[in-house]
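Listed here are the chains, written in short residue letters.
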Amino acid sequence: QSSLPRALQDKYVLTRRIGTGVCGEVRLAFERSTCRKFAVKIINKKNFQSEGTATRNAETEIEILQRVDHPCLIKTEDFYQTEDSYYIVLELMEGGELFHRVKSQQQLDEGVAKLYFYQMLCAVQYLHRNGIIHRDLKPENVLLSSSEDECLIKVTDFNQSRILEEAALMRTLCGTPSYLAPEVFTHASSTGYGLAVDAWSLGVLLFVCLSGYAPFHESFGERSVTEQIIHGEFTMVPSKWRRVSNQAKDVVRKLLVVDPKLRMTVDEALQHPWLQDQPMLQTAHRLMKPAGRGDEDDEDDAPSAAVSTEAEPSSAGSLN
Ligand SMILES: C/C(=N\NC(=N)N)c1ccc(NC(=O)c2cc3cccc([N+](=O)[O-])c3[nH]2)cc1
């Protein structure tokens, strides 16, 4: 409490710790004027990254957090900083981290895994359409809105995120090319293959939700985890995958593809047969609507225009 920014303390009362991360902690906070509950993520600036990188990442992250607007991406209420920490005031996600939900349930029911995975796909599709690569998608960075199985999920932690700097790449290509390395042209540079790294991570996330264990793990054979990843060698333990449908396995197999050019994209994943599941899509869209519009029947958003009769779009692209 001692080193909390004055302005933060004037507006919020910070109470108990509700989540712990490797780079800081999450505290429950109450807004003094309204008693509304929030989560405050405290990020130590001095964590393992070098001074410059940490500051640059944090500036990018804050810009992304304040710019994104999607029902499956965490929203920030306020932002404060001192010389040694950042304080991000966020909406409360009382279901906690997906990591703990999967751990406590051994593995998720396939229908629940599909509902969560669809929301993650919508969130990442929104990021990719806005030129943002998350780069650190993992169960700790997916938060659940409630303890119900059927709940809204939100992606968070943009510490490793990058904004696709096409402009920077264009500037680079304007200069004399003679000193540029091949990968700058072959899109192997961080801005080129970038989007596909999130598709791989979504494959790992889906694998963990469906089976309850990680696809690449040092306990599988003598190869190191890095070796297993480089060769795309994941292990489907029969007892854990027996009750999982072939379509679900097909999504995992098409995302955990080593060559980023051959890997299924987020857009393609949204069109996969496994996700063409009307009841799941209706539940997802009800959860993703702004608060309070979930249960009323859909009022005509634009009464003047002819209300379209076709079914809800299969991908939530229209939300972006
Ligand atoms: C922005 C960010 N990280 N950025 C970064 N590491 N540079 C970030 C990372 C993690 C969170 N986590 C939470 O908001 C969060 C974790 C958790 C666990 C139990 C219960 C709750 N909750 O809100 O009730 C939780 N919220 C929120 C933001």
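Please refer to the structure placed before this passage.
The structure displayed is predicted, hence computed values, not measured ones. (Residues numbered from 1 in each chain as written. Predicted model: local features only at pLDDT ≥ 70, side-chain atom pairs only at ≥ 80, totals over all residues. Heavy atoms only, no water.)

### Focus: the overall build of the protein
For step 1, the next point in the chain: Within the protein, the secondary structure is distributed over 12 helices and 10 strands.
For step 2, the next point in the chain: Evaluated residue by residue, the protein yields a buried proportion of 46% over its 320 residues.
For step 3, the next point in the chain: Intrachain contacts of the protein at a sequence separation of at least 6 include 64% that bridge at least 24 residues.
For step 4, the next point in the chain: Accessible surface, the protein as shown: approximately 16,600 Å² in total, 53% of it carbon and sulfur. (Helix = DSSP H or I, 4+ residues; strand = E, 2+ residues; numbered from the N terminus. Buried < 20%, exposed > 50% of the residue type's maximum accessible area, 1.4 Å probe, protein only. Contact = heavy atoms within 4.5 Å. Areas by Shrake-Rupley, 256 points an atom, 1.4 Å probe, with all protein chains shown as cover.)

### Quick look at the packing of helix 4 (residues 110-129) against helix 7 (residues 194-211)
For step 1, the next point in the chain: Viewed as axis vectors pointing N to C, helix 4 and helix 7 meet at an angle of 165°, and their least axial separation amounts to 10 Å. As the angle between them shows, helix 4 and helix 7 are arranged roughly antiparallel. Here the hand of the crossing between helix 4 and helix 7 comes out right-handed. Of the residues in helix 7, those in contact with E110, A113, F117, M120, L121, V124 and H128 of helix 4 are L195, D198, L202, L205, L206, C209 and L210.
For step 2, the next point in the chain: For the contact of helix 4 with helix 7, a count of residues per class yields 11 nonpolar, 1 polar and 2 charged. (Axes fitted to C-alpha atoms, helices over the stretch in contact; angles between N-to-C directions. Parallel < 35°, antiparallel > 145°, perpendicular 65-115°, else oblique. Left-handed = near helix turned anticlockwise from the far one by under 90°. Nonpolar A, V, L, I, M, F, W, Y, C, P; charged D, E, K, R; others polar.)

### Re the state of the cysteines
Note on terminology: disulfide describes a covalent bond linking the sulfur atoms of two cysteines.
For step 1, the next point in the chain: Considering all chains together, one arrives at 0 disulfides under this definition.
For step 2, the next point in the chain: Here C209 stays unpaired: no disulfide links it, and the sulfur of C151, its closest cysteine neighbor, is 11 Å away.
For step 3, the next point in the chain: Relative accessible area serves as the criterion here: at 2%, C209 is assigned to the buried category. (Disulfide = S-S within 2.5 Å.)

### Here we look at helix 12 (residues 278-288)
For step 1, the next point in the chain: Looking only at helix 12, the buried set comprises M280, L281, T283, A284, H285, L287 and M288.
For step 2, the next point in the chain: Against the buried residues of helix 12 lie helix 4.

### A few points about the nonpolar core
For step 1, the next point in the chain: By size, the foremost hydrophobic cluster in this structure holds 70 residues, and its most contacted members are L98, Y116, F117, Y118, M120, L202 and L210.
For step 2, the next point in the chain: In terms of nonpolar packing, the next biggest core, distinct from the first, is built from 11 residues, L14, Y80, Y87 and V89 among them. (Core = buried A, V, L, I, M, F, W, Y, C linked by side-chain atoms within 4.5 Å.)

### Brief notes about helix 2 (residues 51-67)
For step 1, the next point in the chain: With 17 residues, helix 2 should cover 24 Å at 1.5 Å per step; its first-to-last C-alpha distance of 24 Å lies within 8% of that length.
For step 2, the next point in the chain: By the burial criterion, the buried members of helix 2 are A54, N57, A58, E61, I62, I64 and L65. Angular distribution of buried residues about the axis of helix 2 spans 165°; they occupy a single face of the element. Exposed and facing more than 90 degrees away from the buried side of helix 2 are R56, E59 and Q66.
For step 3, the next point in the chain: On its buried side, helix 2 packs onto strand 3 (37-44), strand 4 (76-81), strand 5 (85-91), strand 7 (132-133) and strand 10 (162-163). (Expected span 1.5 Å × (residues − 1). Arc of directions from axis to C-beta.)

### Some details on the pattern of salt bridges
For step 1, the next point in the chain: Counted according to the given criterion, the structure contains 16 salt bridges.
For step 2, the next point in the chain: Linking K154 and E91 is a salt bridge whose minimum nitrogen-to-oxygen distance equals 3.4 Å. Residue K154 is found in strand 9 (residues 153-155), and its partner E91 is found in strand 5; the two are separated by 63 residues along the sequence.
For step 3, the next point in the chain: The shortest N-O distance in the salt bridge between K114 and D277 comes to 2.9 Å. In this pair, K114 sits in helix 4 while D277 sits in the loop between helix 11 (266-270) and helix 12, placing the two residues 163 residues apart along the sequence. (Salt bridge = Lys/Arg side-chain N within 4 Å of Asp/Glu carboxyl O.)

### Observations concerning the environment of V208
For step 1, the next point in the chain: Tracing the backbone shows V208 in helix 7.
For step 2, the next point in the chain: Judged by its relative accessible area of 15%, V208 is buried.
For step 3, the next point in the chain: Not counting the four nearest positions on each side in its chain, V208 is found in contact with V102, P139, Y213, A214 and P215.

### Considering the sheet that holds strand 6 (residues 96-97)
For step 1, the next point in the chain: A sheet is described by the order of its strands in space; here 3 strands give the open sequence 6-8-9, paired in antiparallel fashion. Edge positions in the sheet fall to strand 6 and strand 9, since each has one partner strand and no second.
For step 2, the next point in the chain: Direction of pairing for strand 6 relative to strand 8 (residues 142-144): antiparallel, over a ladder of 2 bridges. Bridging from a neighbouring strand, E97 pairs with L143 of strand 8.
For step 3, the next point in the chain: Sitting on the sheet, helix 4 touches strand 8 and strand 9, and the angle it makes with strand 9 is about 35°. (Pairing = 2+ DSSP bridges.)

### Thoughts on the pairing of strand 4
For step 1, the next point in the chain: Bridge count for strand 4 against strand 5 is 5 bridges, and the pairing is antiparallel. Bridge pairing in strand 5 links Y80 to Y87.
For step 2, the next point in the chain: Where strand 4 folds back on strand 5, the antiparallel hairpin that results is connected by 3 residues.

### Some thoughts on the side chain of H134
For step 1, the next point in the chain: For H134, the position within the fold is in the loop between strand 7 and strand 8.
For step 2, the next point in the chain: Residue classification places H134 among the buried positions, given a relative accessible area of 0%.
For step 3, the next point in the chain: Filtering out sequence-adjacent residues up to four positions away, H134 remains in contact with L127, N141, V155, T156, D157, F158, Q160, S161 and D198.

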